[in-house]
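So you can see what is in the structure, the chains are spelled out below.
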Amino acid sequence: MVHSVSGRSVVITGGSKGIGKGIARVFAHAGAKVAIIARHGDQAMAVADEIGHGAMGLGGDVTSAKSLEAAFTEAAKRHGGIDIVCANAGIFPQAALDEMTEAQWDEVSDTNLKGTFLTVKAALPFLKKSEQGRIVITSSITGPITGFPGWTHYAASKAGQLGFMRTACLELAKYGITVNAVMPGNIITEGLIGNGEAYIKSMEASVPLKRLGTVDDIGHAALYFASKEAGYVTGQTIIVDGGQILPESLEAI
Ligand code: NAP
């Protein structure tokens, strides 16, 4: 069990639901001071109350630098700085390539990829003051490794996050800040359930461990990257997918 996030201040974007909520819960139970950001600030506050351990909910939109600056400033003021940021907020609406509009592409790209950049930018002034600044990005297997029809924009944004990470970690090493990414497979969340029952069933069948992941599975991987124990790990990824990317065909499992 990793204990070294105890007393450290963490901000998690997209923490009001799904994976972000799981990360928030795992960090709160490990003794971290948790702040969660989501566009619906009321939901973020309700989830913070549910998590307890002094967690704080804040309204904020990762597509807006101004909004993030306000939320990070408030989190730092109330929690005495920021040591860890989990750039997790993301969306995954499906659209076939031949029907996809420029607006649909931009929405996904602005939230998932530009949103990661803006989140890191807003966190940097605070992370530089921390003795062990940590950035943990929620990427995906979709894009960096696998493909799925309807998600060209999403896949590009998730692969883009890893390109961003590999240069950001070099630039930020001089401040002792590490940058790493968790690559989830199919994790049961409000967002994933929105893809429908047929999607969920077909994914379950393609996972060697024969279950979809839980948000806590991702929370524990994020906790490792954020820990003191992971201080010599930067620019790296961990796939948390129940073995889903490995089989060459369904017959293999
Ligand atoms: P989810 O259940 O739909 O939750 C998304 C969270 O992000 C909510 O808290 C939402 O709150 C917030 N959010 C969305 N747009 C935002 C914005 N512009 N600014 C701030 N917050 C925003 O999604 P999820 O399944 O947990 O996915 C979370 C992350 O994991 C995403 O980056 C996704 O790509 C990645 N991921 C998920 C899976 C999976 O199987 N679930 C697999 C691989 C990767 P508001 O609506 O109030 O803003």
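Being a predicted model, the structure only gives us computed values, none of them experimental.

Undergrad: Hey, could you go over the state of the cysteines for me, with residue numbers and the actual values?
TA: Considering all chains together, one arrives at zero disulfides under this definition. Between Cys-86, a cysteine without a disulfide, and Cys-169, which holds the nearest cysteine sulfur, the sulfur-to-sulfur distance is 17 Å. Residue Cys-169 is classed as buried on the basis of its relative accessible area, which comes to 6%.

Undergrad: Quick rundown of the packing of helix α3 (residues 65-79) against helix α4 (residues 102-127)? Include the residues and the values.
TA: Two numbers describe how α3 lies on α4: the axes approach to 9 Å, and their chain directions differ by 35 degrees. Where α3 crosses over α4, the handedness of that crossing is right-handed. Across the interface between the two elements, Ala-65, Leu-68, Glu-69, Phe-72, Thr-73 and Ala-76 of α3 pack against Leu-118, Thr-119, Ala-122, Ala-123 and Phe-126 of α4. Looking at side-chain class alone, the contact of α3 with α4 contains eight nonpolar, two polar and one charged residues.

Undergrad: Account for the site of the ligand, naming residues and giving values.
TA: By nearness alone, 31 residues border the ligand, and Ser-16, His-40, Tyr-154, Ile-187 and Thr-189 come closest of all. A distance of 2.9 Å is found between a nitrogen atom of the ligand and a backbone nitrogen or oxygen belonging to Val-62. In the complex, the protein chains occlude 95% of the 890 Å² of accessible area that the ligand would expose alone. The leading source of residues in the shell around the ligand is helix α6 (residues 190-193), at three residues. Residues that form the shell around the ligand fall into these classes: ten nonpolar, 16 polar and five charged.

Undergrad: Quick rundown of the pairing of strand β6 (residues 178-184)? Include the residues and the values.
TA: Counted residue by residue, β6 has seven buried out of seven residues, so it is predominantly covered. Burial of β6 is two-sided: the residues Thr-178, Asn-180, Val-182 and Pro-184 facing one way and the residues Val-179, Ala-181 and Met-183 facing the other way are all buried. The sheet contact formed by strand β5 (residues 134-138) and β6 spans five bridges and is parallel. Pairing of Thr-138 across the sheet is with Val-182, part of β6. Between β5 and its parallel partner β6, the chain crosses via helix α5 (residues 152-172), and the hand of that crossover is right-handed. Note that β6 and strand β7 (residues 237-240) share four bridges and pair parallel.

Undergrad: Can you explain the nonpolar core? Please cite residues and give values.
TA: Residues Phe-27 and Val-34 are the most contacted members of the largest nonpolar core, which totals 34 residues. Listed by contribution, the elements that provide at least two residues to this core are β1 (9-13), α1 (18-29), β2 (33-38), α2 (41-51), β4 (84-87) and α8 (215-226). Top element by residues in this core is α8. It accounts for seven residues. Those residues in contact with Val-34 that sit more than four places away from it in its chain are Val-10, Ile-12, Ala-24, Phe-27, Ala-28, Gly-54, Ala-55, Met-56 and His-79.

Undergrad: Lay out the packing of aromatic side chains with the relevant residues and their values.
TA: The way to describe two aromatic rings as a pair is by their centre distance and the angle between their planes. Summed over the entire model, instances satisfying the criterion amount to seven aromatic pairs. Judged by centre distance (5.8 Å) and plane angle (50 degrees), the rings of Trp-151 and Tyr-154 are tilted. This pair shows no difference in class: Trp-151 is buried, exactly as Tyr-154 is. Geometrically, the ring pair formed by Tyr-224 and Phe-225 is tilted, given 5.9 Å between the ring centres and 45 degrees between the ring planes. Each residue in the set Phe-92, Phe-148, Trp-151, Tyr-154 and Tyr-199 is aromatic and connected to the rest through ring pairs, giving one cluster.

The rules behind these values
- Residues numbered from 1 in each chain as written.
- Predicted model: local features only at pLDDT ≥ 70, side-chain atom pairs only at ≥ 80, totals over all residues.
- Heavy atoms only, no water.
- Disulfide = S-S within 2.5 Å.
- Buried < 20%, exposed > 50% of the residue type's maximum accessible area, 1.4 Å probe, protein only.
- Axes fitted to C-alpha atoms, helices over the stretch in contact; angles between N-to-C directions.
- Helix = DSSP H or I, 4+ residues; strand = E, 2+ residues; numbered from the N terminus.
- Left-handed = near helix turned anticlockwise from the far one by under 90°.
- Contact = heavy atoms within 4.5 Å.
- Nonpolar A, V, L, I, M, F, W, Y, C, P; charged D, E, K, R; others polar.
- Near = heavy atom within 4 Å.
- Polar contact = N/O pair within 3.5 Å; in protein donor to acceptor, adjacent residues only side chain to side chain.
- Areas by Shrake-Rupley, 256 points an atom, 1.4 Å probe, with all protein chains shown as cover.
- Pairing = 2+ DSSP bridges.
- Right-handed = clockwise from strand over helix to strand, strands pointing away.
- Core = buried A, V, L, I, M, F, W, Y, C linked by side-chain atoms within 4.5 Å.
- Phe/Tyr/Trp six-rings, centres within 6.5 Å; stacked < 30°, edge-to-face > 60°.

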